[in-house]
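# Report on the structure
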Amino acid sequence: MKSCRSMLGLPGRRLPSAEFLLLLPFLLLLPLPPAAPAPHRAAYKPVIVVHGLFDSSYSFRHLLEYINETHPGTAVTVLDLFDGRESLRPLWEQVQGFREAVAPIMAKALQGVHLICYSQGGLVCRALLSVMDEHNVDSFISLSSPQMGQYGDTNYLKWLFPTSMRSNLYRICYSPWGQEFSICNYWHDPHHDDLYLNASSFLALINGERDHPNATAWRKNFLRLGRLVLIGGPDDGVITPWQSSFFGFYDANETVLEMEKQLVYLRDSFGLKTLLARGAIVRCPMAGISHTAWHSNRTLYETCIEPWLS
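The following refers to the structure shown. Being a predicted model, the structure only gives us computed values, none of them experimental.

Spatial ordering of the open sheet is given by S2-S1-S3-S4-S5-S8, a layout of six strands whose pairing is parallel. At either margin of the open sheet sits one strand with a lone partner, and together these are strand S2 (76-78) and strand S8 (281-285). The average undirected angle you get between the axes of adjacent strands in this sheet is 15 degrees. In this fold helix H5 (residues 120-131) packs onto strand S1 (47-50), strand S3 (113-118) and strand S4 (137-143), with an angle of close to 140 degrees to the strand it touches most, S3.

Let us now look at the packing of helix H4 (residues 91-108) against H5. Between H4 and H5, the shortest axis-to-axis distance is 9 Å and the interhelical angle comes to 65 degrees. In terms of their interaxial angle, H4 and H5 are classed as roughly perpendicular. As for how H4 packs across H5, the hand of that crossing is right-handed. Facing Leu91, Trp92, Gln94, Val95, Phe98 and Arg99 of H4, the residues of H5 in contact are Gln120, Val124, Ala127, Leu128 and Val131. Here the residues of the contact of H4 with H5 sort into eight nonpolar, two polar and one charged.

Turning our attention to the packing of aromatic side chains. Counted by the stated rule, this structure contains 13 aromatic pairs. Seen from their ring centres, Trp242 and Phe246 are 6.1 Å apart, and the 90 degrees between their planes marks the pair as edge-to-face. The exposure class assigned to Phe246 is buried, which follows from its relative accessible area of 7%. Ring pairs connect the aromatic residues Tyr151, Trp187, Phe249 and Tyr250, which therefore count as one cluster.

Our focus in this paragraph is the pattern of salt bridges. Per the stated rule, a full pass over the model turns up eight salt bridges. Residues Arg298 and Glu69 are paired through a salt bridge, measuring 2.9 Å at the closest nitrogen-oxygen approach. In this pair, Arg298 sits in helix H14 (residues 298-305) while Glu69 sits in helix H3 (residues 61-70), placing the two residues 229 residues apart along the sequence. Between Asp138 and Arg227 there is a salt bridge, with the nearest N and O atoms lying 4.0 Å from each other. Placement of the pair is Asp138 in strand S4 and Arg227 in strand S5 (residues 227-232), with a sequence separation of 89 residues. For Asp138, a relative accessible area of 18% puts it in the buried group. In this structure Arg227 comes out as partly exposed when scored by relative accessible area, which is 24%. Among the charged side chains, a network of salt bridges with common partners joins Lys45, Asp138 and Arg227.

Bringing the environment of Ile305 into the picture now. Within the secondary structure, Ile305 is located in helix H14. Judged by its relative accessible area of 1%, Ile305 is buried. In contact with Ile305, not counting residues within four places along its chain, are Leu63, Ile116, Ile141, Leu143, Ile231 and Leu300.

With that settled, consider the state of the cysteines. Tallied over the entire structure, the rule returns three disulfides. One disulfide bridge connects Cys173 with Cys184, the sulfur atoms lying 2.2 Å from each other. Residues Cys173 and Cys184 are joined through a disulfide that is left-handed, its torsion about the S-S bond being -60 degrees. Of the two residues, Cys173 sits in helix H7 (residues 170-173) while Cys184 sits in helix H8 (residues 182-185), which places them 11 residues apart along the sequence. By relative accessible area, Cys173 is classed as buried at 0%.

Before going further, it helps to examine the nonpolar core. Of all hydrophobic cores here, the largest spans 60 residues; its most connected members are Phe140 and Leu228. No other element matches the seven residues that H5 contributes to this core. Non-local contacts of Phe140, meaning those with residues more than four positions away in its chain, are made with Leu115, Cys117, Gly122, Cys125, Arg126, Leu129, Gln147, Leu225, Arg227, Leu228 and Val229. Counting 22 residues, the second largest nonpolar core, distinct from the first, contains Val282, Ile289, Trp294 and Leu309.

Basis of the calculations
- Residues numbered from 1 in each chain as written.
- Predicted model: local features only at pLDDT ≥ 70, side-chain atom pairs only at ≥ 80, totals over all residues.
- Heavy atoms only, no water.
- Pairing = 2+ DSSP bridges.
- Helix = DSSP H or I, 4+ residues; strand = E, 2+ residues; numbered from the N terminus.
- Axes fitted to C-alpha atoms, helices over the stretch in contact; angles between N-to-C directions.
- Contact = heavy atoms within 4.5 Å.
- Parallel < 35°, antiparallel > 145°, perpendicular 65-115°, else oblique.
- Left-handed = near helix turned anticlockwise from the far one by under 90°.
- Nonpolar A, V, L, I, M, F, W, Y, C, P; charged D, E, K, R; others polar.
- Phe/Tyr/Trp six-rings, centres within 6.5 Å; stacked < 30°, edge-to-face > 60°.
- Buried < 20%, exposed > 50% of the residue type's maximum accessible area, 1.4 Å probe, protein only.
- Salt bridge = Lys/Arg side-chain N within 4 Å of Asp/Glu carboxyl O.
- Disulfide = S-S within 2.5 Å.
- Core = buried A, V, L, I, M, F, W, Y, C linked by side-chain atoms within 4.5 Å.

So, to be careful, I would describe these as geometric facts and stop short of saying anything about function.
Structure (structure tokens):
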């Protein structure tokens with residue numbers, strides 16, 4: 001009788017030989033070949049977020065959501081230090097506090113970390129990059145930060161110094177008492193440059209505009225940075241001039257000079273010129289974003305932040 005396969009018109013199936021059947025028990029004892037390794041994707045580097053003046057970690061809930069969506073599994077730490085009015089404390093005091101918080105995170109991240117630092121926090125982070133000998137920051141993302149200082153009336157200043165305007169605020173900020181407020185640590189009056197250089201206990205030092213014993217070491221530390229991402233825009237409404245976010249600032253006539261015309265760049269006093277020469281500075285200007293919306297704007301995140309979170 002024909003087999004079912006023959007009746008269906010399918011080719012016949014040959015039975016195993018007797019020799020194969022005798023070897024089959026031994027073949028089953030042989031070890032299986034190793035499975036092909038699963039494709040490996042390197043984990044994303046940890047992200048550390050530093051807030052700005054009068055801020056708290058809650059302000060960054062949208063940014064945290066965006067990072068979790070686009071780079072799942074990323075360890076994100078929004079540092080909850082010097083919140084609210086505590087953010088008015090002297091910036092060197094804040095730098096010390098944030099340094100103690102970021103050091104253990106960096107120590108565990110063998111491949112490096114990313115810093116996202118908003119507004120006043122961008123100055124805190126730049127100081128951290130200067131004073132930390134062994135930092136391992138890949139990308140420092142400066143989000144609407146007055147990197148060359150602030151010279152403009154804002155609601156913050158009017159609340160803190162209600163009887164002063166920008167033209168005479170130097171009388172307060174360039175005094176020992178004034179330097180006890182974080183805002184005065186980066187107040188930069190272009191009409192009183194000598195007073196600024198002599199009195200500024202923070203910005204003039206991290207800019208290398210005034211000689212100090214740690215200048216060479218701080219410059220070397222800053223240049224450990226992998227990439228500097230500068231973000232800001234003309235509709236910010238707080239950072240004045242807004243080009244300060246890109247290391248531009250006023251001259252004595254209140255004409256804005258871009259970064260490449262600033263003395264700190266020309267002298268390469270803390271490493272800007274060297275970073276630019278090696279292609280490590282990214283500038284990302286964005287119009288239509290107000291100061292308090294930088295960390296919640298999805299388009300800004302996708303354009304200027306997400307590409308650098310490796």
